[in-house]
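# Coordinate inspection notes
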Amino acid sequence: MTAGAAAPGVATHCPYCSLQCGMSLVASTGAGAGAGGVEVLARDFPTNRGGMCRKGWTSARLLNGERLTTPLVRREPGGPLEPATFGEAVELTAGFIRAAQRVYGRDAVGAFGGGGLTNEKCYALGKFARVALRTRSIDYNGRFCMSSAAAAAQRAFGVDRGLPFPLTDLAHAALIVLVGSNLAETMPPAMQWLVRQRAAGGALIVIDPRRTGTAATADLHLQPLPGTDLALATGLLHLLIGTGGIDTGYIETRTTGFGDVRALTAAWWPERVERVTGVPVGVLRRAARMLADAPTAMILTARGAEQHSRGTDTVLGWINLALARGLPGRRHSGYGTLTGQGNGQGGREHGQKADQLPGYRRLADPADRAHVARVWGIDPDDLPAPGPSAYELLDSLGRDVRVLLVAGSNPVVSAPNAAHVERRLRALDALIVCDVVLSETAELADVVFPVTQWAEESGTMTNLEGRVLLRKQAVAPPPQVRSDLEVIAALAGSLGVTRGFPADAREVFDELRAASAGGLADYAGITWERIEAEDGVFWPCPSADHPGTPRMFGESFPTPDGRARFHPVEPRGPAEEPDEEYPLWLTTGRVLAHYQSGAQTRRIAELASSPGPFVEVHPVLAAALGLADGDAARLSSRRGSALLTVRVVDTIRPDTVFAPFHWGGAARVNTLTDPALDPASRMPAFKVCAARLEGVAAATVDGPAPR
Ligand SMILES: Nc1nc2c(c(=O)[nH]1)N[C@H]1C(S)=C(S)[C@@H](COP(=O)(O)OP(=O)(O)OC[C@H]3O[C@@H](n4cnc5c(=O)[nH]c(N)nc54)[C@H](O)[C@@H]3O)O[C@H]1N2
Ligand SMILES: Nc1nc2c(c(=O)[nH]1)N[C@H]1C(S)=C(S)[C@@H](COP(=O)(O)OP(=O)(O)OC[C@H]3O[C@@H](n4cnc5c(=O)[nH]c(N)nc54)[C@H](O)[C@@H]3O)O[C@H]1N2
Ligand code: SF4
Ligand SMILES: [Mo]
């Protein structure tokens, strides 16, 4: 889509990922225009500098494509979803909620939110659960995304802000180590900072079982077995200690706990690490030397390293390495995680998480409860206790939780062990879904509320750097469509809670600022006016005269003693190992054209089949299995199977197959994934399980195309 109109347009941000690329929406009647005739133009914003990916360029299509325009209700069990008025949908929902709570208690009604929702929506949903439903049963899809990195950063640094420095700092690091990130496909415009970094003489190490587009640009690519990153990090630390490549001054003055880590690391000599990870000793030594020699360095993890049943330990292992090397808080150096969803950062701060209150406060902490209860005008004793994590919540549906409200997630496609999750959703007394489209999850609902999306409303988002942004309304929504805030306000009202749920986003934001004041993620000094005037404001920002905090940890860490903490974490194998029946390792992830469960991008013609569902197979494995490029195949695990098209590539390890998770139906890869949960973060093992691959007649796959 090219720039056609000269109109100034509305300066806003992309509907999708955490890069939140700046874009302008301008009135247009051109071929690329969406509803209300708007077109996407590039905009100069600090993170993307005019760059966008295909999803961003085509995003205006979301506005006039296939989307919900009226509430839908199922008037009798097993009957069809039929159009209804907003009032009928609200009354029906309130009836379900009252009935379930009367019979089974308050916790029998649950909520499931999303990291793509604005800060205001996350805040309102959490407050709705705790104040109007008074249930402990609330969690969200960020549990499947950022929870391991968040748990590790909290333990090590005392705070979880994805990047504790601006993205543009990447351009100045002498060395960047990307662990389990395919930035070239998942945040393409961010690659410009790596290009600049390389042009300035910097080096890049990529750690990924596949030679991805990102890995192909690296100076050094380590290709470990999925799930062995902790052994790798521990082995690199072993080498750094052995060669004097650690920063003893930093360790002494800025950290605690190195002794135990040093002791544990002694047992991870290079040959042992090669045996566990498959990364040759020579490559390990080269990586360690690059780390030891670089005057500045950044270690960045993403989902490849984090989405494991020991994801928190794994991230702690990379943080140990960063601390031993003296990186966090140093100029153009540090550890960070690359947050995924549009508001993946804000989404984990404002209280939709099972154990959390706004401002990154803890639901189990009496002082935190008292502060938020005061802002909400309730008795702290009326706040529920922490509830179950996302998978545990979904697993309990139809038993402990009888009515579920989903907003901003499509778990039928994106949850681990998805066939089981789908059965649990079907076992509910009632499922209520707020969405823009009729997602696979909405299809199962008893009540569907159509909601406004990004360009049809205004709201704040917090990007991967902790920069709070304003996503501004550019078009009017269809007449029957309300915002999530209006739906929440109406539901609260019908439950008799008529105060405290404004439908106006700016009013909600102002309350959020007060609720977050004094918390770790302090937004008190951030206003919509400041955001616009300053290209966003970095939290913490405790007061109107505070400049915000682009860089953290320069002087100290927000831990009781001001020091960062090492953690002795022992490498362990994945929760599930291959055997004769399931001899392969399966890992999963993303492709450029599709976003998450695909609910949005599969409805955009330019993106829909570029590509369709597939599985990547090494030529050696393909030959052994008698499979050729383009063949139809069944990929199975102990939980179920999916039908996929074989893509033969020499960029993957021969013992591992990779499949993206963007499709539902017969191509649903999450039918296979392992819900083994990390003990600390409750993250499932999306990135590794045992699998089997076999050819099937093409007809089986060519049936009704999965959407
Ligand atoms: N196009 C696109 N972009 C997106 C999204 C999308 O759906 N589509 N989603 C957004 C969201 S919410 C997120 S969370 C981010 C995710 O962004 P990324 O983390 O970059 O994406 P993934 O493809 O899930 O995983 C990255 C890489 O991890 C590798 N990997 C698999 N297993 C392992 C392992 O055990 N160890 C290591 N080191 N690597 C491993 C995979 O081969 C893959 O290349 O992307 C965001 N951007
Ligand atoms: N196998 C495997 N599975 C994975 C992953 C993986 O790497 N491998 N990654 C995991 C990760 S990191 C993530 S983040 C999850 C994401 O998976 P999901 O939680 O399913 O995320 P989306 O597909 O983005 O779903 C968002 C839904 O909200 C709707 N929506 C958009 N805007 C709004 C709004 O303003 N309000 C409301 N109410 N709805 C809105 C969209 O139309 C869509 O249906 O998937 C996880 N699942
Ligand atoms: S990189 Fe992310 S924010 Fe930027 S255009 Fe693509 S999807 Fe949108
Ligand atoms: Mo994510």
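As a starting point, this report considers the structure included with it.

The rules behind these values
Residues numbered from 1 in each chain as written. Chains lettered and ligands numbered in written order. Predicted model: local features only at pLDDT ≥ 70, side-chain atom pairs only at ≥ 80, totals over all residues. Heavy atoms only, no water. Helix = DSSP H or I, 4+ residues; strand = E, 2+ residues; numbered from the N terminus. Rg over C-alpha atoms; globule rule 2.2 N^0.38 Å. Buried < 20%, exposed > 50% of the residue type's maximum accessible area, 1.4 Å probe, protein only. Contact = heavy atoms within 4.5 Å. Areas by Shrake-Rupley, 256 points an atom, 1.4 Å probe, with all protein chains shown as cover. Lys, Arg positive; Asp, Glu negative; His and termini not counted. Charge placed at Lys NZ, Arg CZ, Asp CG, Glu CD. Near = heavy atom within 4 Å. Polar contact = N/O pair within 3.5 Å; in protein donor to acceptor, adjacent residues only side chain to side chain. Nonpolar A, V, L, I, M, F, W, Y, C, P; charged D, E, K, R; others polar. Salt bridge = Lys/Arg side-chain N within 4 Å of Asp/Glu carboxyl O. Pairing = 2+ DSSP bridges. Axes fitted to C-alpha atoms, helices over the stretch in contact; angles between N-to-C directions. 1 Å grid on protein atoms, 1.4 Å probe; cavity = no way out; pocket = protein on both sides within 12 Å on 5 of 7 lines; lining within 4 Å. Points joined across faces, edges and corners; volume = space filled by probe spheres on them. Phe/Tyr/Trp six-rings, centres within 6.5 Å; stacked < 30°, edge-to-face > 60°. Lys NZ or Arg CZ within 6 Å of the ring centre and 35° of its normal. Left-handed = near helix turned anticlockwise from the far one by under 90°.

### Things to note about the overall build of the protein chain
If you tally the helices and strands in the protein chain, you get 25 helices and 30 strands. Here the C-alpha radius of gyration of the protein chain, 24 Å, is about what a compact globule of 707 residues would show, namely 27 Å. Here the C-alpha coordinates of the protein chain stretch approximately 70 × 65 × 60 Å along the principal axes. Classification of the 707 residues of the protein chain by burial places 65% in the buried group. Within the protein chain, contacts between residues at least 6 apart in sequence are counted, and of these 73% link residues at least 24 apart. Surface accessibility of the protein chain: about 23,300 Å² in total, with carbon and sulfur atoms responsible for 51%. The positive charge centre, built from 71 side chains, and the negative charge centre, built from 73, are 2 Å apart in the protein chain.

### Description of the site of ligand 2
Around ligand 2, the surrounding shell holds 32 residues, and the nearest of these are Asn141, Ser409, Ser414, Asp435 and Ser597. Side-chain polar atom of Asn141 to an oxygen atom of ligand 2: 2.7 Å apart, as the coordinates give it. Here an oxygen atom of ligand 2 and a side-chain polar atom of Gln307 are 3.2 Å apart. For ligand 2, whose free accessible area comes to 920 Å², the fraction covered by protein is 95%. Residues of the shell around ligand 2, tallied by class, amount to 12 nonpolar, 15 polar and 5 charged.

### Re the pattern of salt bridges
Within the structure shown, the criterion is met by 38 salt bridges. A salt bridge links Arg75 to Glu88; the shortest N-O distance between them is 2.8 Å. In this pair, Arg75 sits in the loop between strand S4 (72-74) and strand S5 (81-83) while Glu88 sits in helix H3 (residues 86-104), placing the two residues 13 residues apart along the sequence. Taking relative accessible area as the criterion, Glu88 reaches 31% and is therefore assigned partly exposed. Among the ionic pairs, Lys127 bridges to Glu511, the shortest N-O distance being 2.7 Å.

### So, the sheet that holds strand S21 (residues 537-538)
Sheet strands line up and pair through hydrogen bonds in the backbone, either parallel or antiparallel. Spatially, S19-S20-S21 is the arrangement adopted by the 3 strands of the open sheet, whose pairing is antiparallel. For this open sheet the edge positions go to strand S19 (459-462) and S21, each flanked by a neighbour on one side alone. Sheet topology places strand S20 (residues 467-471) next to S21; 2 bridges connect them, and they run antiparallel. Across the sheet, residue Arg467 finds its bridge partner in S21, namely Phe538. Most of the contacts of helix H4 (residues 119-133) go to S19, to which it runs at about 95°, and overall it touches S19 and S20.

### Focus: helix H7 (residues 191-199)
Within the span of H7, buried status applies to Met191, Gln192, Trp193, Leu194 and Gln197. Contacts made by the buried residues of H7 are with strand S8 (175-179), helix H6 (183-186), strand S9 (203-207) and helix H8 (213-216). Backbone geometry just after H7 places Gly201 at a positive phi near 100°.

### A word on unusual backbone geometry
A cis amide bond, omega -5°, links Trp539 with the succeeding residue Pro540. Among the secondary structure elements, Pro540 is positioned in the loop between S21 and strand S22 (564-565). Along the chain, Ser610 connects to Pro611 via a cis peptide bond; the corresponding omega equals 5°. Looking at where Pro611 falls in the secondary structure, it is placed in the loop between helix H23 (605-608) and strand S24 (614-617).

### Focus on the pairing of strand S18 (residues 447-450)
Here S18 shows a buried face lined by Val447 and Phe449 and a second buried face lined by Val448 and Pro450. In this sheet, S18 lies alongside S4 in antiparallel orientation, the contact comprising 2 bridges. The residue bridging Val73 from the neighbouring strand is Val447, located in S18. Sheet topology note: the strand S17 (residues 430-435)/S18 ladder contains 4 bridges and is parallel. Looking at S18, one finds that Asp435 is bridged to Pro450.

### Thoughts on the layout of surface pockets
The calculated volume of the largest pocket comes to roughly 570 Å³. The wall of the largest pocket is formed by 26 residues, among which Gln154, Asp355, Tyr360, Arg362 and Leu520 lie closest to the centre. Counting only elements with at least two residues in the lining of the largest pocket, the list comes to helix H5 (147-157) and strand S15 (361-362). The biggest single contributor to the lining of the largest pocket is H5, with 5 residues. Of the residues assigned to the lining of the largest pocket, the class counts are 9 nonpolar, 8 polar and 9 charged. What lines the second largest pocket is a set of 16 residues, and nearest its centre among them are Arg74, Pro77, Gly78, Asp429 and Asp446. Among the elements of the structure, H3, helix H19 (418-426) and S17 are those that each provide at least two residues to the lining of the second largest pocket.

### Looking at the sheet that holds strand S12 (residues 297-301)
On the basis of which strands lie adjacent, the open sheet formed by 5 strands has the order S10-S9-S8-S12-S13 and parallel pairing. The open sheet terminates on both sides in strands that have one partner only, identified here as strand S10 (220-222) and strand S13 (334-337). Averaged over all adjacent pairs, the angle separating strand axes in this sheet is 15°, with direction ignored. Of the pairings in the sheet, the one linking S12 to S13 comprises 4 bridges and is parallel in character. Bridge pairing in S13 places Ile299 opposite Tyr335.

### Some thoughts on the packing of aromatic side chains
Applying the stated criterion across every chain yields a total of 12 aromatic pairs. A ring pair is formed by Tyr16 and Tyr595, whose centres lie 5.1 Å apart and whose planes are at 50°; its orientation type is tilted. Taken together, the positions of Tyr16 in the loop between strand S1 (10-13) and strand S2 (22-27) and Tyr595 in the loop between strand S23 (584-589) and H23 put the pair 579 residues apart, joining distant regions of the chain. Take Tyr16 and Tyr595: they sit in the same class, and that class is buried. Between Arg272 and the ring centre of Trp268, over which it is positioned, the NZ or CZ distance is 3.7 Å. Here Arg402 stacks its cationic end above the ring of Tyr104, 4.1 Å away from the centre of that ring.

### With respect to the packing of helix H9 (residues 229-242) against helix H13 (residues 281-293)
Interhelical geometry of H9 versus H13 gives an angle of 65° and a closest axis separation of 9 Å. H9 and H13 meet at a crossing whose hand is right-handed. Residues Leu232, Leu236, Leu239 and Leu240 of H9 lie in contact with H13, whose contacting residues are Leu284, Arg285, Ala287, Ala288, Leu291 and Ala292. Split by residue class, the contact of H9 with H13 holds 9 nonpolar, no polar and 1 charged.

### Details of empty space enclosed by the protein
Under the criterion given, the structure shown has 10 cavities of 30 Å³ or more. Its boundaries defined by the atoms lining it, the second largest cavity holds a volume of some 110 Å³. What lines the second largest cavity is a set of 14 residues, and nearest its centre among them are Gly227, His308, Arg310, Arg572 and Pro574. The class makeup of the residues in the lining of the second largest cavity is 6 nonpolar, 5 polar and 3 charged.

### Focus on the pairing of S17
The element S17 is largely enclosed, with a buried count of 6 among its 6 residues. Side chains Ala430, Ile432 and Cys434 of S17 all project onto a buried face; the interleaved residues Leu431, Val433 and Asp435 project onto the opposite face, where all are buried too. Looking at chain direction, strand S16 (residues 403-407) and S17 are connected through 5 bridges and run parallel. Counted as the bridge partner of Leu405 is Ile432 from S17.

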